[in-house]
Protein chains: 2
Amino acid sequence: MTKNIKILKVGGSVITYKNKDSELNIHVVKQIAKDIFLWLRKNKSNQLIFTAGAGSFGHPLAYKYQLNAESLQKDPFGFVLTTTNMQNMANRVARIFHYFKVPLFPIMPSSIFMTNKGRIISAYIDTINEALNRGLTPFLWGDTVIDRSHTFRILSGDQINPYIVENLKVKELYFGTNVDGIYDSDPLKNHDATQIKKINDDNYKSILTSISESGNLDVTKGMRGKVEEIHRIKVRPLKCIIFNALIKGNTYKALSGQKVGTKIKFE
Amino acid sequence: MTKNIKILKVGGSVITYKNKDSELNIHVVKQIAKDIFLWLRKNKSNQLIFTAGAGSFGHPLAYKYQLNAESLQKDPFGFVLTTTNMQNMANRVARIFHYFKVPLFPIMPSSIFMTNKGRIISAYIDTINEALNRGLTPFLWGDTVIDRSHTFRILSGDQINPYIVENLKVKELYFGTNVDGIYDSDPLKNHDATQIKKINDDNYKSILTSISESGNLDVTKGMRGKVEEIHRIKVRPLKCIIFNALIKGNTYKALSGQKVGTKIKFE
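Computed from a prediction, not measured in an experiment: that's the story for all the values here.

**Q** What exactly am I supposed to notice about the pattern of salt bridges here?
**A** Note on pairing: side chains with opposite charge can pair once their charged atoms come close. Residue and element names in this part refer to chain A. With the rule as written, the count across this model stands at 12 salt bridges over all chains. For Glu-172, the salt bridge is made with Lys-6, and the minimal N-O distance between the two is 2.7 Å. In this pair, Glu-172 sits in strand β9 (residues 172-177) while Lys-6 sits in strand β1 (residues 4-10), placing the two residues 166 residues apart along the sequence. Glu-172 gets classed as buried once you look at its relative accessible area, which sits at 12%. Judged by relative accessible area, Lys-6 falls into the buried class, the value being 6%. Ionic pairing is found between Glu-172 and Lys-239, a salt bridge with its closest N-O pair at 3.9 Å. On the criterion of sequence distance, the pair formed by Glu-172 in strand β9 and Lys-239 in strand β13 (residues 238-244) is long-range, its members being 67 residues apart. Each member of the pair Glu-172 and Lys-239 is classed as buried. One salt-bridge network, in which partners are shared between bridges, spans Lys-6, Glu-172 and Lys-239.

Printed below as a string of structure tokens:
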């Protein structure tokens, strides 16, 4: 049977408390681990790569040390403190997953990626493929990495995913976020925000326009950016589900193909 | 000024309590961190790669799950539990080093090395070089890695070092152990053991013989193995110091070229 690699990316605002420095949302991490365990047990032919945003383990330090600035003058200490703090988050997530019998295999992004001006120029992803073949669930996260021109830069989970999708020919991407899917404006700030159920090649452009027109730029940039980012991935067909991973059972539903969130399909 | 890369490898029995499961010898880790800080501050032109043995974070798990067996039947869970436990050790060591202002940059061996029958066949070490050029101290440790023929295998710090030495043209290796240097038999078990002060091309063979003849095979294998292992490294000239890293100040002395331990020089 052909194996079917899926990537599940959960946002930093899902697995950490965004407003509490370096604090894991253990309750939600456990929920997601349980869902993945149940799904993996039911679908022996599926393979999963798990990626996570940096959340409050990464952003405050990256901001403090200006790691994403387009400059050469960066404190080496800011870099090692940030990547080590991210490693600590990853280690804690992995141990929770192991407790729930998910064989999460942490692969440290700063060990395998280098960028130039923030774009990946060198990578070692052979281990990801080999790990999948051995029944493991590779785990990567938003990190800070060595950059040729800017000394160090941030490499977010959202940059790692397209790279893996394109290089390992992944066809299904799942985004666990803190809202129910793609909206025409930010549902956390606008009660009239309307959820978009399906996005495909036919309605892609009109949906981008409707998102742009629905509110101020800052608010809608995130939603619009997400859709554009997925559209830029050079793999077709490409299926994505964007769903609310804070809700118990949603991760299982999404991975199992049950109706949840916004479905994107580009052929 | 030409940079001079040194590798300092400390044994698992130095930085962990060998008989206590997953317990760091924090006191000794702090001592070593302080010594490295002082040495780096005095020698701006020097660059250091720090490597560590797995000690009680790795061996009990690797043994339990038979990760080093020459077989295919290995529990994926044993692998992820071991590499995650090693990651935890590395993370704790890194945070202690950061406290003492050493910019330790953890590079996860299971992310960058793959072996076949226990020998490295694929690696990504570009980050090590780039990290050195940015004033960082790369840190690698004994780990368990993906193996082509045996599913998973152990990759010890003592296997990682020769690979880095040969590929980055390192000329100086420092081994921080729990004894004062190379002896003709095990000094922890034999009070008559004699320390060997200098080993070079001229006395290499006679010293191997004297180690072999001094006691039973098991006891002397470690000492003899260490010397043979260094001799096999394909870089000349190669300088090594084997010293007792449990003793305060010894790491600084060794790195600074002060007389301590056994000196090996192959030209």
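Moving on from the coordinates now.
**Q** Help me understand the layout of surface pockets in this model?
**A** By rolling a water-sized probe across the atoms, one finds the places where empty space is left. Here the largest pocket is characterised by a volume of approximately 1600 Å³. Looking at the largest pocket, it is lined by 50 residues, and the ones nearest its centre are Ser156(A), Asp158(A), Gly222(A), Lys226(A) and Glu229(A). Of the residues forming the lining of the largest pocket, the biggest block, 9 residues, is contributed by helix α9 (residues 217-232) of chain A. Among the residues making up the lining of the largest pocket, the classes are represented as 16 nonpolar, 20 polar and 14 charged. Considered as a void within the structure, the second largest pocket measures approximately 870 Å³ in volume. Broken down by element, the residue count for the lining of the second largest pocket peaks at 7 residues, all from helix α9 (residues 217-232) of chain B. Classifying every residue of the lining of the second largest pocket by side-chain character gives 14 nonpolar, 18 polar and 8 charged.

**Q** How should the side chain of Thr251(A) be read in this particular structure?
**A** Along the chain, Thr251(A) turns up in helix α10 (residues 250-256). Classification of Thr251(A) as buried rests on a relative accessible area of 1%.

**Q** Got a minute to help me understand the UniProt feature "site: Transition state stabilizer" (unreviewed entry) in chain A in this structure?
**A** Within this numbering scheme, the UniProt entry marks Lys18(A) as carrying the feature "site: Transition state stabilizer" (unreviewed entry). The contacts of Lys18(A), once residues within four sequence positions are left out, are Gly12(A), Ser13(A), Gly55(A), Ser56(A) and His59(A).

**Q** Which parts of the structure should I look at to understand the relation of the copies chain B and chain A?
**A** The operation relating the pair of chain copies consists of a rotation about an axis and a translation along that axis. Mapping chain B onto chain A calls for a rotation angle of 180° and an axial translation of 0.0 Å; the resulting RMSD is 0.0 Å. Such a combination of turn and shift is consistent with a two-fold rotation axis.

**Q** Even after reading the chapter, I still don't get unusual backbone geometry, so can you show me in this structure?
**A** Comment: phi is negative for the bulk of residues other than glycine, and the bulk of peptide bonds are trans. Of note, the amide linkage connecting Arg236(A) to Pro237(A) takes the cis form, showing an omega dihedral of -5°. Structurally, Pro237(A) can be placed in the loop between α9 and β13. A positive phi is found at Thr151(B), a non-glycine position, where the angle reads about 65°.

**Q** Help me out: how do you make sense of helix α4 (residues 76-99) of chain A in this one?
**A** Every α-helix winds through 3.6 residues per turn, so residues three or four apart in the chain are directed the same way. Residue and element names in this part refer to chain A. With 24 residues, α4 should reach 34 Å at 1.5 Å per residue; the first-to-last C-alpha distance of 35 Å fits that figure. By the criterion of burial, α4 is predominantly enclosed, with 19 of the 24 residues buried. The residue sitting at the N-terminus of α4 and contributing the capping side-chain oxygen is Asp-75; that oxygen lies 2.8 Å from the backbone nitrogen of Phe-77. Positioned one or two residues after α4, Lys-101 has a phi angle of 65°, which is positive.

**Q** Can you walk me through empty space enclosed by the protein in this structure?
**A** Residues and elements named next belong to chain B. Inspection of every chain in the model, using the stated rule, returns 1 cavity of 30 Å³ or more. Quantified by volume, the largest cavity comes out at close to 30 Å³. Contributions of two or more residues to the lining of the largest cavity are made by α7 (157-168), β9 (172-177) and α9. Here the lining of the largest cavity gets 3 residues from one element, more than from any other, and that element is α7. Here the lining of the largest cavity is composed, by residue class, of 5 nonpolar, 1 polar and 2 charged.

**Q** Explain the packing of helix α3 (residues 55-64) of chain A against α4(A) to me, please; I cannot follow it from the model alone.
**A** Helix packing for two helices is described by the angle between their axes and how far apart those axes are. Residues and elements named next belong to chain A. As a packed pair, α3 and α4 sit with axes 9 Å apart at the nearest point and diverge in direction by 175°. As summarised for this structure, α3 and α4 are arranged roughly antiparallel, according to the angle between their axes. Listed contacts from α4 to Phe-57, Gly-58, Leu-61 and Ala-62 of α3 are Leu-81, Thr-82, Asn-85, Met-86, Met-89 and Arg-92. Classifying every residue of the contact of α3 with α4 by side-chain character gives 6 nonpolar, 3 polar and 1 charged.

**Q** Any chance you could explain the interface of chain B and chain A here in plain terms?
**A** When the parts come together, some accessible area is lost, and that loss is often what is quoted as the size of the interface. Chain B puts 42 residues into the contact, and the matching count from chain A is 42 residues. For the pair chain B and chain A, the summed buried surface comes to about 3300 Å²; carbon and sulfur atoms form 67% of the total. It is Phe77(B), Tyr124(B) and Arg134(B) in chain B that bury the most area against chain A; as a group they hold 20% of the surface buried on that side. At the junction of chain B and chain A, the tally comes to 0 salt bridges. For the interface between chain B and chain A, the tally reads 12 residue pairs in polar contact (both at pLDDT 80 or more). Take the side of chain B that touches chain A: its biggest share by element is 14 residues, from helix α4 (residues 76-99) of chain B. Of the residues that constitute the side of chain B that touches chain A, the class distribution is 24 nonpolar, 11 polar and 7 charged.

**Q** How should I be thinking about the packing of aromatic side chains in this particular structure?
**A** To describe a pair of aromatic rings, you give the distance between the ring centres and the angle between the ring planes. All names here are of chain A. Evaluation of the coordinates by the stated rule reveals 17 aromatic pairs over all chains. Between the aromatic rings of Phe-113 and Tyr-163, the centroid separation amounts to 5.7 Å while the plane-to-plane angle is 90°, which identifies the pairing as edge-to-face. Of this pair, Phe-113 sits in strand β4 (residues 113-116) while Tyr-163 sits in helix α7 (residues 157-168), and the two are 50 residues apart along the sequence. The exposure class assigned to Phe-113 is buried, which follows from its relative accessible area of 0%.

**Q** What is the right way to read the sheet that holds strand β6 (residues 137-141) of chain A from this model?
**A** Strand pairing in a sheet relies on backbone hydrogen bonds. The paired strands run either parallel or antiparallel. Residue and element names in this part refer to chain A. Read across the open sheet, the 8 strands follow the order β3-β6-β2-β1-β9-β13-β14-β12; overall the sheet is mixed. Both outer strands of the open sheet, β3 (104-106) and β12 (198-200), are each paired with one neighbouring strand and no more. Mean inter-strand twist for the sheet, computed between neighbouring axes without regard to direction, equals 20°. Note that strand β2 (residues 46-52) and β6 share 3 bridges and pair parallel. Along β6, the bridge assignment pairs Thr-51 with Leu-140. Sheet strands in contact with helix α2 (residues 26-42) are β1, β2 and β6, and its direction is about 165° off that of β2.

Conventions we followed
Residues numbered from 1 in each chain as written. Chains lettered and ligands numbered in written order. Predicted model: local features only at pLDDT ≥ 70, side-chain atom pairs only at ≥ 80, totals over all residues. Heavy atoms only, no water. Salt bridge = Lys/Arg side-chain N within 4 Å of Asp/Glu carboxyl O. Helix = DSSP H or I, 4+ residues; strand = E, 2+ residues; numbered from the N terminus. Buried < 20%, exposed > 50% of the residue type's maximum accessible area, 1.4 Å probe, protein only. 1 Å grid on protein atoms, 1.4 Å probe; cavity = no way out; pocket = protein on both sides within 12 Å on 5 of 7 lines; lining within 4 Å. Points joined across faces, edges and corners; volume = space filled by probe spheres on them. Nonpolar A, V, L, I, M, F, W, Y, C, P; charged D, E, K, R; others polar. UniProt positions renumbered as here; feature names shortened; annotations may be inferred. Contact = heavy atoms within 4.5 Å. Least-squares fit on C-alpha atoms with pLDDT ≥ 70 in both. Expected span 1.5 Å × (residues − 1). Polar contact = N/O pair within 3.5 Å; in protein donor to acceptor, adjacent residues only side chain to side chain. Axes fitted to C-alpha atoms, helices over the stretch in contact; angles between N-to-C directions. Parallel < 35°, antiparallel > 145°, perpendicular 65-115°, else oblique. Buried area = accessible area lost by both parts, 1.4 Å probe. Phe/Tyr/Trp six-rings, centres within 6.5 Å; stacked < 30°, edge-to-face > 60°. Pairing = 2+ DSSP bridges.

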